[in-house]
Amino acid sequence: MTSLQLNYDQIATEYNQRYPSAQQWERGQALLKLAGEQKAVSVLEVGSGTGYWLTLLSQTTPSVFGMDYSLGMLQQAQKQPAPLMLSRGTAVQLPYQNASFDMLYCVDAIHHFVDHQAFIKEAHRVLKPGGVLAVIGHDPHEEGVSAWYIYTYFDGVYETDKKRYPAGVAVMQWMNEQGFKNISSETVERILNIHDGRKVLDDPFLKHSATSQLALLSDEAYQAGMEKIHLALEQAEAREEAIQFRSEIPVKMFLGYKP
Ligand SMILES: C[S@@+](CC[C@H](N)C(=O)[O-])C[C@H]1O[C@@H](n2cnc3c(N)ncnc32)[C@H](O)[C@@H]1O
């Protein structure tokens, strides 16, 4: 393990391999539903990456803004067919005026922001009264609800995730401290991928650059995890036993409304 911060410029061109076009993501439906309920005209995604979710939301309004720290990710987002209004900046100092947005969200990104509380404070500042903040992602602090084979085979990844990700209860507490109301949490998606035997080797999330969990590993640490998977496969095959690799991960959405 080298660092807890990932340089997204290095993996920007490969990032979209996590979004095979045929797959329907329930978190996307949750975002669309929320935008509809809010009658959101101006929408901002912080840590917008390659603009996958923004492109989806551009179905509902033309005022779709994205902000990201990584130039490489922003360059990928510029290639999206939707006209996205993109800026470079940091989540802890949003480059927007007070009361600019009806809806602000982040997906799989808050664990990268250096100061989670500062982000929530900034979100409150740039939301209009009545605006909503949605924080979407998985919560490795929730015990006993997820099973991800990556955590089993790659040493230290689970422990690192517990350091990187804020607990959901903390996110809701920070929302409360900043003055958000009607704070809630909901499971909006249950990732369930079961890979039988060697089919695991085709899992796009097993590539070194596909997720921050693996991209943070050195080549040696990544190879050590891959060797553990190959060994488990060989041992199961030698015993003529079936082996499965499970990705069973609830995705949460934490909501708070600015009065
Ligand atoms: C896992 S990607 C998620 C991208 C996109 N939200 C998605 O779901 O596909 C995390 C994104 O957060 C961005 N990021 C990391 N730290 C940031 C910060 N301090 N401010 C803004 N964006 C940041 C990264 O550059 C990256 O694009």
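Right, let's walk through the structure included here. Remember, predicted model here, so these are calculated numbers, not experimental data.

## Some words on the nonpolar core
The nonpolar side chains of soluble globular proteins are, as a tendency, buried together.
Here comes step 1: Counting 44 residues, the largest nonpolar core has Val43, Val46, Met103, Leu104, Leu133, Ala134 and Ile136 as the members making the most contacts within it.
Here comes step 2: Beyond its immediate chain neighbours, meaning those up to four positions away, leucine 133 contacts Leu104, Ala123, Leu127, Met175, Phe180 and Gly256.

## Describing the packing of helix H4 (residues 116–126) against helix H7 (residues 168–178)
Here comes step 1: Interhelical geometry of H4 versus H7 gives an angle of 45 degrees and a closest axis separation of 9 Å. When the axes of H4 and H7 are compared, the pair comes out oblique. Where H4 crosses over H7, the two elements pack in a sense that is right-handed. Here His116, Gln117, Ile120, Lys121 and His124 of H4 come into contact with H7, specifically with Trp174, Met175 and Gln178.

## Examining the site of the ligand
Here comes step 1: Looking at the ligand, there are 20 residues lining it, with Gly47, Gly49, Ser70, Ala91 and His112 nearest.
Here comes step 2: Classifying every residue of the shell around the ligand by side-chain character gives eleven nonpolar, seven polar and two charged.

## Brief notes about helix H1 (residues 26–38)
Here comes step 1: With 13 residues, H1 ought to run about 18 Å at 1.5 Å a step, and its terminal C-alpha atoms sit 18 Å apart, in line with that.
Here comes step 2: Inspection of H1 places Arg27, Gly28, Ala30, Leu31, Leu34 and Ala35 among the buried residues, and these make up the whole buried set. For H1, the angular spread of the buried residues around the axis is 160 degrees, confining them to a single face. Seen from the buried face of H1, the exposed residues on the opposite side, beyond 90 degrees, are Lys33, Gly36 and Glu37.
Here comes step 3: At its buried positions, H1 is contacted by strand E1 (42–46), helix H2 (52–57), strand E4 (101–107), strand E5 (127–137), strand E7 (181–196) and strand E8 (244–257).
Here comes step 4: Lysine 39 lies just past H1 and shows a positive phi near 50 degrees.

## What about the pairing of E1?
Remark: a regular strand shows side chains that alternate across the two faces of the sheet.
Here comes step 1: Burial analysis of E1 places five of its five residues in the buried class, the great majority of the element.
Here comes step 2: On E1, burial covers both faces: Ser42, Leu44 and Val46 on one face and Val43 and Glu45 on the other are all buried.
Here comes step 3: With five bridges connecting them, E1 and strand E2 (residues 63–68) associate as parallel partners. Of the residues in E2, the one forming a bridge with serine 42 is serine 63.
Here comes step 4: After leaving E1, the chain enters H2 and then returns to the sheet as E2, a path that is right-handed.
Here comes step 5: The pairing of E1 with E4 spans three bridges and is classified as parallel. Of the residues in E4, the one forming a bridge with valine 43 is methionine 103.

So, how was this worked out
- Residues numbered from 1 in each chain as written.
- Predicted model: local features only at pLDDT ≥ 70, side-chain atom pairs only at ≥ 80, totals over all residues.
- Core = buried A, V, L, I, M, F, W, Y, C linked by C-beta atoms within 7 Å.
- Buried ≥ 20, exposed ≤ 12 C-beta atoms within 10 Å, placed from the backbone.
- Contact = placed C-beta atoms within 7 Å.
- Axes fitted to C-alpha atoms, helices over the stretch in contact; angles between N-to-C directions.
- Helix = DSSP H or I, 4+ residues; strand = E, 2+ residues; numbered from the N terminus.
- Parallel < 35°, antiparallel > 145°, perpendicular 65-115°, else oblique.
- Left-handed = near helix turned anticlockwise from the far one by under 90°.
- Near = placed C-beta within 6 Å.
- Nonpolar A, V, L, I, M, F, W, Y, C, P; charged D, E, K, R; others polar.
- Expected span 1.5 Å × (residues − 1).
- Arc of directions from axis to C-beta.
- Pairing = 2+ DSSP bridges.
- Right-handed = clockwise from strand over helix to strand, strands pointing away.

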